[in-house]
Amino acid sequence: AAFVYQDDLVSAFMDVQPINPGHVLVVTNQEVTSLAELDEETGIHLFRIAHRIALALRKSAIKCEGVNIFVLDGEAAGQEVSHVHIHVVPRFSGDGYEWKLKQDLKIAAKEEIAKTAAIISSVLDPGARQK
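Residues numbered from 1 in each chain as written. Predicted model: local features only at pLDDT ≥ 70, side-chain atom pairs only at ≥ 80, totals over all residues. Heavy atoms only, no water.

Peer 1: Break down the packing of aromatic side chains for me, with residues and values.
Peer 2: This model, assessed by the stated rule, comprises one aromatic pair. Ring centres of Phe3 and Phe13 lie 5.8 Å apart, and the angle between their planes is 70 degrees; this geometry places the pair in the edge-to-face category. With a gap of ten residues between them, Phe3 in strand E1 (residues 3-6) and Phe13 in strand E2 (residues 10-14) connect regions that are remote in the sequence. Residue class for Phe3 comes out partly exposed when judged on its relative accessible area of 45%. (Phe/Tyr/Trp six-rings, centres within 6.5 Å; stacked < 30°, edge-to-face > 60°. Helix = DSSP H or I, 4+ residues; strand = E, 2+ residues; numbered from the N terminus. Buried < 20%, exposed > 50% of the residue type's maximum accessible area, 1.4 Å probe, protein only.)

Peer 1: Could you give an account of the pairing of strand E3 (residues 24-28), naming the residues involved and the relevant values?
Peer 2: Taken across its five residues, E3 has five buried, putting it largely inside the fold. Going residue by residue along E3, you find Val24, Val26 and Thr28 tucked away on one face and Leu25 and Val27 tucked away on the opposite face as well. Sheet topology places E2 next to E3; five bridges connect them, and they run antiparallel. Of the residues in E3, the one forming a bridge with Ala12 is Val26. (Pairing = 2+ DSSP bridges.)

Peer 1: Residues and numbers for the nonpolar core, please.
Peer 2: Ranked by size, the top nonpolar core spans 16 residues in total, and within it Val24, Val26, Leu46, Ile53, Ile86 and Val88 carry the most contacts. At the level of elements, E2, E3, helix H1 (40-59) and strand E5 (85-91) are the ones that each hand at least two residues to this core. Counting residues per element, this core draws most heavily on H1, which supplies six residues. Look past the residues within four positions of Val26 in its chain and what remains in contact with it is Val10, Ser11, Ala12, Leu46, Ile49, Ala50, Ile53, Val84, His85, Ile86 and Val88. (Core = buried A, V, L, I, M, F, W, Y, C linked by side-chain atoms within 4.5 Å. Contact = heavy atoms within 4.5 Å.)

Peer 1: I'd like a rundown of the environment of Ser34, residues and numbers included.
Peer 2: Positionally, Ser34 belongs in the loop between E3 and H1. What makes Ser34 buried here is its relative accessible area of 17%. Between the C-alpha atom of Ser34 and that of Arg58, which follows or precedes it by 24 residues, the distance is 29 Å.

Peer 1: Before we move on, could you go through H1 and cite the residues and values that matter?
Peer 2: Residues separated by three or four positions in an α-helix point in the same direction, a consequence of the helix having 3.6 residues per turn. Here H1 spans 29 Å end to end across 20 residues, near enough to the 28 Å set by a 1.5 Å rise per residue. Burial in H1 covers these residues: Thr42, Gly43, His45, Leu46, Ile49, Ala50, Ile53, Ala54 and Leu57. Contact partners of the buried residues in H1: E1, E2, E3, strand E4 (66-70) and E5. (Expected span 1.5 Å × (residues − 1).)

Peer 1: Could you give an account of the pattern of salt bridges, naming the residues involved and the relevant values?
Peer 2: Under the counting rule described, the total for this entry stands at one salt bridge. With a closest N to O distance of 2.6 Å, Arg91 and Asp95 form a salt bridge. Just as Arg91 is buried, Asp95 falls in that class too. (Salt bridge = Lys/Arg side-chain N within 4 Å of Asp/Glu carboxyl O.)

Peer 1: Which residues make up a nonpolar patch on the surface, and what values go with them?
Peer 2: A surface patch of nonpolar side chains, about 240 Å² in accessible area, is lined by Leu35, Phe47 and Ile69. For Leu35, a relative accessible area of 33% gives the class partly exposed. (Patch = residues over 30% accessible without salt bridge, like charges linked within 9 Å, V, L, I, M, F, W, Y side chains within 5 Å. Areas by Shrake-Rupley, 256 points an atom, 1.4 Å probe, with all protein chains shown as cover.)

Peer 1: Describe in detail the side chain of Asp95, supporting the description with residues and values.
Peer 2: Summarising the element assignment, Asp95 is placed in the loop between E5 and helix H2 (110-123). Taking the relative accessible area as the measure of exposure, Asp95 reaches 16% and is therefore buried. Here the side chain of Asp95 touches Asn20 through a polar contact of 2.7 Å, side chain to side chain. Here Asp95 is in contact with Asn20 and Pro90, once residues within four sequence places are set aside. (Polar contact = N/O pair within 3.5 Å; in protein donor to acceptor, adjacent residues only side chain to side chain.)

Next comes the structure, spelled out in structure tokens:
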């Protein structure tokens, strides 16, 4: 691996199948399959390092007009590697990579949105709820 960053909690290295040159994977050093298994402090650190790498990409000589940061968490979400990791991908106009939805998304009714928010909020850790 060609490492960009490494510490006790996370490692960041170049993706061997990059969307664009500069595509970096930030992974937990501890083997965890999903975000649900990840302790909060390591999760915070994982995203902090992904953020720093995104900033570094923008400062570097790598072609980078924007950055995608994404996590595929679970098979239904497209996760193929059973290890928590964040993709940090430099993007530029005309790079040929597109996010496409298979169907048109419809605007949800306000009542349905409120109901769904209440379901999520009811099981959210009280320390994470916004005051």
